[in-house]
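# Tertiary structure, described
Residue-level listing of the chains:
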Amino acid sequence: MAHTRLIVWASWLVFLIIAPNLVDSLGVNWGHQASHNLHPDVIIQMLKDNGIKKVKLFDSDHWTVKHFAGTGIEVMLGIANNQLEGMVDYSHAQDFVKNNVSKHIYNGGVDIKYIGVGNEPFLTAYKGANVKTIFPALKNIQKALNEAGLGNNIKATIPQNADVYDSGKAGPSQGDFRKDIRPLMYDMMRFLAQNDAPFVVNIYPFLSLYENPDFPIEFAFFDGGSKPVDDNGIEYNNMFDANLDTLVASLKKAGTPNLKIVVGEIGWPTDSTPNANIKMAKRFYDGFLKKMATKKGTPKYPKDIEYYLFSFTDENQKSILPGNFERHWGIFTYDGKPKFPMDFTGSGNQKMPVGAKNVKYLDYKWCALKSDIKDEGKIAEGTTYACRESDCTNVNFGGSCNNLDFRGNASYAFNMLFQMRDQDVEACDFNGMAGIVTSNISVGDCLFPLALESDAARQMIQLSVSMLAGFLVFLALF
Ligand SMILES: *[C@@H]1O[C@H](CO)[C@@H](O)[C@H](O)[C@H]1NC(C)=O
Ligand SMILES: *[C@@H]1O[C@H](CO)[C@@H](O)[C@H](O)[C@H]1NC(C)=O
Ligand SMILES: *[C@@H]1O[C@H](CO)[C@@H](O)[C@H](O)[C@H]1NC(C)=O
């Protein structure tokens, strides 16, 4: 008897050791720049259903963050760039830690691991706006964390765009930080090293392809077929490895060769731009997830890397300054539907990810151009206005709604505005050109979406319920 029990125990032990939990190093970004966001509880259920244990947020909104308490999901909080200046004042950093971090730390609370201070603060588009504030903000946040007794478990870091380093025309081994910010980067790297904090980097083969028509397309993916780039005997056959190893060389030059690297954003968009489509996104993720599962990292960083996919859901109010694809990075649609089969464990076991449950939509109502309206000038005017106020990125070349005709474009635009404005009847008028219909006017692959019931509406309901309760208590007392 004792023997069999021992054998059972032993095989359990072996099972525990050899059954690797492949998705441990996988996280996702979840941003809120949408007219209607899924409720945090719906998102948390999706994360659980898909075995994803880490999430990276772009702010530290208390209401959102508190939902992660007791879920076992590890959270990376964010501080937006426009809040960096405030954090230069240490008392503000202390307030931030007190209100947005410490409050969530209790037995059964939120598992906060990192604070992302700023987001890609050195993008050239910002013209140096964050150069003076970012390092003081980083130092103050870490100091406030340390003072609150949280510094051992929670590390402040800065999610950086991969454009903070390069190797010119030379190979990855010649990498170094960008000249205009080099001394600052070196100082910050030493600070991160002293605090045992990681370097967080966002790497986007899609953007390399988008920005450079000569970029060898195979090099963006992980399935071979590209002409390898030789760097002192090391062969690179994908952009990701070459890019990350350029960072490895840069960290060495900064005197911090052992800094841990976390990939804060990686992914492929699925709409509104040539090369941004489901077929190519699937190809990218298939290769990437398989690579992740090997846990072998890159030639110069042969380790199990922590990755955060960008992004969990689409966000229809992101700035499209970088390009129309910007609102379509989700592996799920705005309403939590999976877009294509994938396997988060990388073992090639393809299936549709588990989508959102209990999604609440507004009524089955769409807004369309009336058939008797003929004035093309006025229609075009209305279309332009509606697109400016909502999101028509999908009608562009390479987008899923690019085949609509002139009148289809108008209905698409009118409906987008109508939905974004919570189906307000006044938003479906357009000087009498538009009307509400109750049948689905989607055309083929071009989805005319229905808006979600918004968080704001629910919060209002919660608020009025608690106010009513408060009022009743008041009545009862007097
Ligand atoms: C907490 O986080 C929210 C959202 O990021 C931010 O608006 C707020 O200013 C933060 N609170 C403090 C005290 O910094
Ligand atoms: C529909 O709108 C898109 C984007 O503005 C435009 O490129 C396209 O030409 C329009 N289609 C027609 C038929 O007018
Ligand atoms: C409308 O039709 C499209 C297919 O064209 C479908 O994907 C979508 O789910 C439908 N919307 C609703 C609310 O039924």
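Being a predicted model, the structure only gives us computed values, none of them experimental.

## What to know about the environment of Met188
As for its placement among the helices and strands, Met188 is situated in helix H7 (residues 182-194). C-alpha of Met188 to C-alpha of Asn403: the two residues are 215 residues apart in sequence and 49 Å apart in space. Excluding residues that lie within four positions of it along the chain, Met188 makes contacts with Phe122, Ile134, Phe135, Ile158 and Gln160.

## Observations regarding the sheet that holds strand E13 (residues 306-309)
Pairing is parallel in the open sheet, where nine strands are placed in the order E5-E4-E3-E2-E1-E13-E12-E9-E6. Every other strand in the sheet has two partners, leaving strand E5 (155-157) and strand E6 (159-161) as the edge strands with one partner each. Pairs of neighbouring strands in the sheet enclose a mean axial angle of 25°, with direction left out of account. Packing of H7 onto the sheet brings it into contact with E5, E6 and strand E9 (199-202), and relative to E9 it is tilted by some 125°. Along the sheet face, helix H9 (residues 239-253) touches E9, strand E12 (261-266) and E13 and points at about 140° away from the line of E12.

## Overview of the site of ligand 3
Surrounding ligand 3, one finds Tyr364, Trp366, Asn440, Ser442, Gly444, Leu447 and Leu450. Between an oxygen atom of ligand 3 and a side-chain N or O atom of Asn440, the distance comes to 2.3 Å. When ligand 3 sits alone it has 360 Å² of accessible area, and the protein chains cover 56% of it. The residue inventory of the shell around ligand 3, partitioned by class, reads four nonpolar, three polar and no charged.

## Quick word on the pairing of E12
Taken across its six residues, E12 has six buried, putting it largely inside the fold. Pairing geometry for E12 and E13, over three bridges, is parallel. Residue pairing across strands places Ile266 opposite Leu309, the latter belonging to E13.

## So, the state of the cysteines
Throughout the structure, instances matching the rule amount to three disulfides. Between the sulfur of Cys367 and that of Cys428 lies a disulfide, 2.1 Å long from S to S. Its S-S torsion of approximately 90° makes the covalent link between Cys367 and Cys428 right-handed. Highlighted residues: Cys367 in strand E14 (residues 366-369) and Cys428 in the loop between helix H12 (406-420) and strand E15 (434-437), separated in sequence by 61 residues. Note on accessibility: Cys367 and Cys428 belong to one class, buried. The disulfide bridge from Cys387 ends at Cys392, spanning 2.1 Å between sulfur atoms. Between Cys387 and Cys392 the sulfur-sulfur dihedral comes to about -90°; the bridge is accordingly left-handed. For the protein chain, the bonded cysteines pair up as 1-5, 2-3, 4-6 when numbered in the order they occur along the sequence.

## Some details on the domain arrangement of the protein chain
Accessible area lost upon the coming together of the parts serves often as the stated size of an interface. As far as domains go, the protein chain holds domain 1 (21-327) and domain 2 (366-455). Taking only C-alpha atoms, the centre of domain 1 and the centre of domain 2 are 35 Å apart. At the interface, 17 residues of domain 1 touch 16 residues of domain 2. Here domain 1 and domain 2 share an interface that buries about 1200 Å² over both sides, 52% of which is from carbon and sulfur atoms. Contact with domain 2 buries surface across domain 1, with His36, Asp271 and Ser272 losing the most and accounting together for 43% of the total. At the junction of domain 1 with domain 2, the criterion picks out one salt bridge. Ionic pairing is found between Asp391 and Arg327, a salt bridge with its closest N-O pair at 3.0 Å. Applying the counting rule to domain 1 against domain 2 returns five residue pairs in polar contact (both at pLDDT 80 or more). Classifying every residue of the side of domain 1 that touches domain 2 by side-chain character gives six nonpolar, nine polar and two charged.

## Quick look at the pairing of E13
Each regular strand carries side chains that alternate between the two faces of the sheet. Burial along E13 is two-sided: the residues Glu306 and Tyr308 and Tyr307 and Leu309 are all buried. Pairing between strand E1 (residues 26-30) and E13: three bridges, direction parallel. Pairing of Val28 across the sheet is with Leu309, part of E13. This β-α-β element, E12 to helix H10 (residues 278-294) to E13, shows right-handed connectivity.

Conventions we followed
- Residues numbered from 1 in each chain as written.
- Chains lettered and ligands numbered in written order.
- Predicted model: local features only at pLDDT ≥ 70, side-chain atom pairs only at ≥ 80, totals over all residues.
- Heavy atoms only, no water.
- Helix = DSSP H or I, 4+ residues; strand = E, 2+ residues; numbered from the N terminus.
- Contact = heavy atoms within 4.5 Å.
- Pairing = 2+ DSSP bridges.
- Axes fitted to C-alpha atoms, helices over the stretch in contact; angles between N-to-C directions.
- Near = heavy atom within 4 Å.
- Polar contact = N/O pair within 3.5 Å; in protein donor to acceptor, adjacent residues only side chain to side chain.
- Areas by Shrake-Rupley, 256 points an atom, 1.4 Å probe, with all protein chains shown as cover.
- Nonpolar A, V, L, I, M, F, W, Y, C, P; charged D, E, K, R; others polar.
- Buried < 20%, exposed > 50% of the residue type's maximum accessible area, 1.4 Å probe, protein only.
- Disulfide = S-S within 2.5 Å.
- Domains from an automatic or database assignment.
- Buried area = accessible area lost by both parts, 1.4 Å probe.
- Salt bridge = Lys/Arg side-chain N within 4 Å of Asp/Glu carboxyl O.
- Right-handed = clockwise from strand over helix to strand, strands pointing away.

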